[in-house]
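Residues per chain are reported as follows:
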Amino acid sequence: MEPMTEAENAKNHKPELPKDVRVRFCPSPTGTPHVGMIRTALFNWAEARATGGKLVFRIEDTDAARDSEESYNQILESLRWLGIDWDEGIEVGGPDGPYRQSERTDIYKDVAAKLLEAGYAYESFSTPEEIKERNIAAGRPAEFGYDGYDRDLTEEQKAAFRAEGRKPALRIRMPDEDIAFDDLIRGTIEFKAGSVPDYVIVRPNGDALYTLTNPVDDAMMNINVVLRGEDLLSSTPRQIVLYRYLKELGIAKTTPLFGHMPYVMGQGNKKLSKRDPESNLFNHRDAGFIREGLLNYLALLGWSIAPDRDVFSMDEMIEKFDVRDVKANPARFDLDKAISINAEHVRMLDQQDFLNRSVPYLHRDGVVSADNWDALTDREKTILTAAAPLVQTRVRLLGEVAGMVGSLLSTDEYLEPTDDARKQLKESAGAVLDLAIAALEGVSEADWKTDTLHETLNKALVEDGGYKPRLAFGPVRVAMSGRRVSPPLFESMEIVGRDLTIARLQGLRAHL
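Residues numbered from 1 in each chain as written. Predicted model: local features only at pLDDT ≥ 70, side-chain atom pairs only at ≥ 80, totals over all residues. Heavy atoms only, no water.

When its secondary structure is counted, the protein chain shows 21 helices and 12 strands. Its C-alpha atoms give the protein chain a radius of gyration of 32 Å, clearly above 24 Å, the size a compact globule of 512 residues would have. Put simply, the protein chain has 512 residues, and 50% of those count as buried. Look at the contacts in the protein chain between residues 6 or more apart in sequence, and 74% of them connect residues 24 or more apart. Here the protein chain has roughly 24400 Å² of accessible surface; of this, 48% comes from carbon and sulfur atoms. When the 65 positive and 85 negative side-chain charges of the protein chain are each reduced to one mean point, those points stand 2 Å apart. (Helix = DSSP H or I, 4+ residues; strand = E, 2+ residues; numbered from the N terminus. Rg over C-alpha atoms; globule rule 2.2 N^0.38 Å. Buried < 20%, exposed > 50% of the residue type's maximum accessible area, 1.4 Å probe, protein only. Contact = heavy atoms within 4.5 Å. Areas by Shrake-Rupley, 256 points an atom, 1.4 Å probe, with all protein chains shown as cover. Lys, Arg positive; Asp, Glu negative; His and termini not counted. Charge placed at Lys NZ, Arg CZ, Asp CG, Glu CD.)

Relative to the helices and strands, F354 resides in helix α13 (residues 351-364). C-alpha of F354 to C-alpha of S28: the two residues are 326 residues apart in sequence and 34 Å apart in space. Once residues lying within four places of it in the same chain are set aside, the contact partners of F354 are V346, L349, A388, V391, Q392, V395, L398 and V401.

Relative to the helices and strands, Q239 resides in helix α8 (residues 236-248). Given a relative accessible area of 2%, Q239 falls into the buried group. At 3.3 Å, the side chain of Q239 forms a polar contact with the side chain of N214. Sequence-distant contacts of Q239, that is, excluding residues within four places in its chain, are made with Y210, N214, P215, R228 and F258. (Polar contact = N/O pair within 3.5 Å; in protein donor to acceptor, adjacent residues only side chain to side chain.)

Turning our eyes to something else, we now look at the pattern of salt bridges. Overall, the coordinates contain 43 salt bridges when judged by the stated rule. With its nearest N and O atoms 2.6 Å apart, the salt bridge here joins R166 to E130. A residue pair is termed long-range when its members are at least 10 positions apart, and R166 in the loop between α6 (155-163) and β5 (169-172) and E130 in helix α5 (residues 128-137) qualify at 36 residues. One network of salt bridges, in which partners are shared, links R24, R58, E60, R104, D217 and D218. (Salt bridge = Lys/Arg side-chain N within 4 Å of Asp/Glu carboxyl O.)

To continue, consider the sheet that holds strand β1 (residues 22-25). Taking strand neighbours across the sheet as the criterion, the 3 strands line up as β1-β2-β3 in an open arrangement whose pairing is parallel. The open sheet has two edge strands with one neighbour each: β1 and β3 (88-89). Where strand β2 (residues 54-57) meets β3, 2 bridges bridge the pair, whose relative direction is parallel. Considered in β3, the bridge of V56 is made with E88. (Pairing = 2+ DSSP bridges.)

The next subject is the sheet that holds strand β8 (residues 199-202). An order of β4-β5-β8 is seen for the 3 strands of this open sheet, with the pairing classed as antiparallel. Looking at strand neighbours, the two that pair on one side only are β4 (121-124) and β8, the edges of this open sheet. On average, each strand axis in the sheet is inclined to that of its neighbour by 45 degrees, with strand direction left out of account. Bridging between β4 and β5 involves 4 bridges; their strand directions are antiparallel. Across the sheet, Y122 pairs through a bridge with R171, a residue of β5. (Axes fitted to C-alpha atoms, helices over the stretch in contact; angles between N-to-C directions.)

Quick look at the structure:
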């Protein structure tokens, strides 16, 4: 392999992190939390914890038409569920509050006025329609963007516009020079002079835009590492220039380092959309993902702990995480892989922890009487404790537990088989059940144990009856659970007990 050239080395340069890392998570409360948002929170949290730095959590809620208190509460709920904590910000406090942009409007007005007074910003009276018309007249595409028309308006021209009833927007005056920076993930990135037009920071109605509020908050909260999505990369040269001006005004101490995380892709090579079901964080929680499994998988969307290892804890992630190791290539959300990793974490849970976490799902699905372990009946606790070793190794999501233990908790003497279970019943099912019932009636309550039940049915159905195991035990399984897939059969029979087991076999026999 040829050594890299000096130019290639420069392009791949990733800067050193500051000594005291300060990162931030600053979502807008619009809609349900999605996996891309949580991946951003996770990587910022991991970087802060890995470096002994600080994570600041603030809310960017200046879009009154789209922001909602419901979404704000959902963001808080999602972070608490996942165990992503923060050091300063919402509900924690800190020296740089308030931490909701809707409560910081006076700050933005003051900074905008200082930028205007210093000549870093200027009043722009052009309407979008006028900008399009000028572009067409100049032979440019209509959507080419702002052309700098208002940069050097005279006071007389401004007065004439105001006389027409126009109110100006404020635009930042971009320098006529190349703008380059060293991205923590992507190496050196350069924007050519003239490629980024003067941009609006305050609307004509006086509302400050994200282009002003976001960097001003970062500056005032001393954020020195900005980790965010690749979709915001095009705004970075604007922010770098604005930081230059804010430093001149004594508002910012430094320009932060930037790291732009890769897109999360969905099906068909498309960016995962908020509208995609697999994007919705709460859909995954409702399905029965546990926090450890979901966070582990989200960490893999751009990062890995080792080339040959996919399953790890958050403590292990913190020990190894460095944002400079994040890959720039798009990451694909693979639900099957996410479920597989979740299954590994479910299996690692302490048994009582597994039961405690499963109970809310069991209650939701109508299988138990309460939504927490302590409130369950003694019978429910006994059965679930006996079933846990059989079920925990077989489920991938906590939402699957009800289907596995429902038949064990039920007192029904007949369980209506599911369609796929009924299809497994062959013509011999009736004769098999007759033999099984006769054999089991000879087993006493005292001998009703897993090993005895296995030996008894194996002798009656396989050795003496001549049936293959699938044909022998299939009808018994369907009678016990009503399902094609269930916990181990003989252990289930022991848990359910002698009388109810025989009653269920008789119940299915009567319905064939």
